[in-house]
Structures are given as structure tokens and as C-alpha cells.
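Chains, contacts and geometry: an overview
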2 protein chains.
Amino acid sequence: MQKKPEKIIDLNVYKMLSDEIRLKIIKLLINGEKNVSDIINNFNIDQPLISHKLRELRENGLLISYRSGKNIIYKISDKSLINIIKITEIAGNKIDKICNCVECNE
Amino acid sequence: MQKKPEKIIDLNVYKMLSDEIRLKIIKLLINGEKNVSDIINNFNIDQPLISHKLRELRENGLLISYRSGKNIIYKISDKSLINIIKITEIAGNKIDKICNCVECNE
DNA sequence: TTTTCATATGAATATTTATACATATAATTT
DNA sequence: AAATTATATGTATAAATATTCATATGAAAA
């Protein structure tokens, strides 16, 4: 009996956050839920592209959406995501300062 | 005077972690530094491919390498990375369980 | 009930990223 | 110094992902 190839669940989260537009949307929504028009107005990006990004984020569980009158509101699905963003910003700053030349690492 | 386009530092971290092989390497090295042969033996992946992945991780500051005799040893550059991995695994599990059908989110 | 506003979808193309394979380098052992 | 071991590099191709543009949908206002 073959072991079924395990799904790496966190890989999806990294994939979602590894696109500049998606990451910016997530960071924007950390400040609170927003409708699509508000999101579009925050960036200089075409509506259909934002819509595609929102769908990816929703389908992968990072965002949740609901309708409110004329608008669709998007919000972060789970606050643990906010932690990831904060911690990675700090880590990113440290990592970015590491010199990776050979001499510095002997 | 134009504002220079800001560099999103954490984006690189997410990009590095969003590849299955790179993520597996990082997770392996959380258990401690290893030389390249050891890393290769842990997976069923060609040597040049592992070598490319290691280079990407090193050039983006996630790994540090040094020579020890015949071998090159790779290790995680900063322990804050370990936090990211742990937290994202937990978050990933939560997010993965969220239903994103319309009805569930009204 | 037609028009408008807000958002989503599909599909073609462009761009980026991953992989494979041949070969190179550099330290080590013989 | 020749052969071996360990690792890296270059480049072509393949695969995945992002972007664009035209169009569709669906609720609300006129």
C-alpha cells in the first residue's frame, strides 16, 4: 500500500503571500475589511486584476468575502495571518542585512 | 521629485518559502546544519537542482554556507525564520479548514 | 424594466520560475 | 600529478503564474 503524497498545507500560504499585489492587499486588509472599490482605489491596478487576486486569496482561504448591499466586502479570514505578516516583516529586515559573500561566512 | 519604488523586503522571504523543495530544505535545516550530500540524501532530487535551490536560499539570505574540509555546510541564517515556519504551519492548518463557499460566508 | 454601478469570469498572451542536463571547479586522496 | 569526491554553474526547455482585455453577472437605482 502506497503512502499518499502528503499535502504541504503551509506551502499555499507562502504562495499566496509571494505575489506583490496579493501581499499588498493582505496588508491593506489588516487595517480592517474593505469593499472591492476601496481596495482598487488604494492601488493603481486594473479592476479585473484585483478581482483575480481577491479570488485567489479567497479560494485559498486567506480572505473571506460577503455581500453588503451593492458591495462585496473582503476581510482577513484568520488573525493568525496577521502574526505571520508582522513576524516576517521583522525577519525580512534581519535577513536582508546578512551579507552572503564567502568571506563573511567562513 | 519622484518617490522611489519601495522594496518590499518580506516579499523575498515568501518567494523563497513558496517552492516545495526550498521549503523542505529549510524545514530540514531547522533540525541543524547539514552538508549538501546529506541534504541530497534526504530527498529524491538531482544534485544540480538541490544546488540551485541552495544558491537561491543563500543569495536571498535565508541560508548561510561555509566550507568544512571536503564539504559545504548550510545552515539557517536567523532563528526568526524558524518562528515563521512554525507559525505558518499552525495558521495554514486553520486556514485550510475554512470553507469559502458563498453560503458559509454570508 | 432599463440603466447603472460593482464585481466577476474566461481566455489569450506575456512573464517568471522551475527543471534537466552537460559541464566546470575546487579540495582531497591516491 | 592524476584520479576522485563534493559541489556549483550555464543554458535550454518546460511548466507555472501573472496580466490584459473583452465580456458577463447581478444587485440596486431611476
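Structural notes, computed from the coordinates. (Residues numbered from 1 in each chain as written. Chains lettered and ligands numbered in written order. Predicted model: local features only at pLDDT ≥ 70, side-chain atom pairs only at ≥ 80, totals over all residues. Heavy atoms only, no water.)

Let's talk about the protein's contact with DNA strand D
Selection criterion: Put simply, a residue is near a molecule or strand once any heavy atom of it comes within 4 Å of that molecule or strand. For the purposes of these results, a polar contact is taken to be a pair of N or O atoms within 3.5 Å, where, inside protein, one atom must be able to donate a hydrogen and its partner to accept one; residues adjacent in sequence count only when each atom of the pair is a side-chain atom. Numbering of helices and strands runs from the N terminus, with a helix taken as a DSSP run of H or I at least four residues long and a strand as a DSSP run of E at least two residues long. Side-chain classes are defined by residue name, with Ala, Val, Leu, Ile, Met, Phe, Trp, Tyr, Cys and Pro counting as nonpolar, Asp, Glu, Lys and Arg as charged, and the others, Gly among them, as polar.
Residues in close proximity to DNA strand D total 23 residues, the closest being A:K53, B:S37, B:Q47, B:H52 and B:Y74. The sugar and phosphate moieties of DNA strand D supply 64% of its atoms located within 4 Å of the protein. In the environment of DNA strand D, a base oxygen lies 3.2 Å from a nitrogen or oxygen atom belonging to the side chain of B:H52. Between a phosphate oxygen of DNA strand D and a main-chain N or O atom of B:I72, the distance comes to 3.2 Å. When residues of the surface near DNA strand D are traced back to their parent elements, those giving at least two are α2 (20-30) and α4 (47-59) of chain A together with α3 (36-42), α4 (47-59) and β3 (71-76) of chain B. It is α4(B) that provides the largest number of residues to the surface near DNA strand D, a total of five residues. Residues belonging to the surface near DNA strand D are distributed by class as follows: seven nonpolar, eight polar and eight charged.

Here we look at the protein's contact with DNA strand C
Surveying the vicinity of DNA strand C reveals 23 residues, the closest of which are A:S37, A:Q47, A:H52, A:Y74 and B:K53. For DNA strand C, the backbone portion of the atoms within 4 Å of the protein, that is sugar and phosphate, comes to 67%. At a separation of 3.0 Å, a phosphate oxygen of DNA strand C approaches a polar side-chain atom of B:R22. Secondary structure elements with two or more residues in the surface near DNA strand C: α3 (36-42), α4 and β3 (71-76) of chain A together with α2 (20-30) and α4 of chain B. Residue composition of the surface near DNA strand C, grouped by class: seven nonpolar, eight polar and eight charged.

Here we look at the relation of the copies chain A and chain B
Let me state the cut-off plainly: In this comparison the copies share one frame, found by least squares on the C-alpha atoms of residues holding pLDDT of at least 70 in both. Contacts between residues were defined by any pair of non-hydrogen atoms, one from each residue, lying within 4.5 Å.
By a simple turn and slide, chain A fits onto chain B: the slide is 0.0 Å along the axis, the RMSD is 0.0 Å, and the turn is 180 degrees. When the rotation and shift are considered jointly, the pair of chain copies conforms to a two-fold rotation axis. Using C-alpha coordinates, one finds that chain A approaches the rotation axis most closely at A:Y14, a distance of 2.6 Å. When the interface residues of chain A are mapped onto chain B, 100% of them again lie at the interface, so the same face is used by both copies.

Description of helix α5 (residues 80-96) of chain A
Working note: α-helix, 3.6 residues per turn, so residues spaced by three or four point in the same direction. This is how the line gets drawn: Residue count minus one, scaled by 1.5 Å, sets the expected span of a helix. When a residue's accessible area, from a 1.4 Å probe over protein chains only, is under 20% of the maximum for its type it is buried; when over 50% it is exposed; and in between it is partly exposed. To obtain the arc, one takes the directions from the helix axis to the C-beta atoms.
When the terminal C-alpha atoms of α5(A) are compared, their 24 Å separation across 17 residues agrees well with the 24 Å that a helix rising 1.5 Å per residue should span. Those residues of α5(A) that sit buried are A:S80, A:L81, A:I84, A:I85, A:T88, A:A91, A:G92 and A:I95. One side of α5(A) holds all its buried residues, which, seen down the axis, span an arc of 145 degrees. As for α5(A), its buried residues are in contact with α1 (9-17), α2 and β3 of chain A together with α1 (9-17) and α5 (80-96) of chain B.

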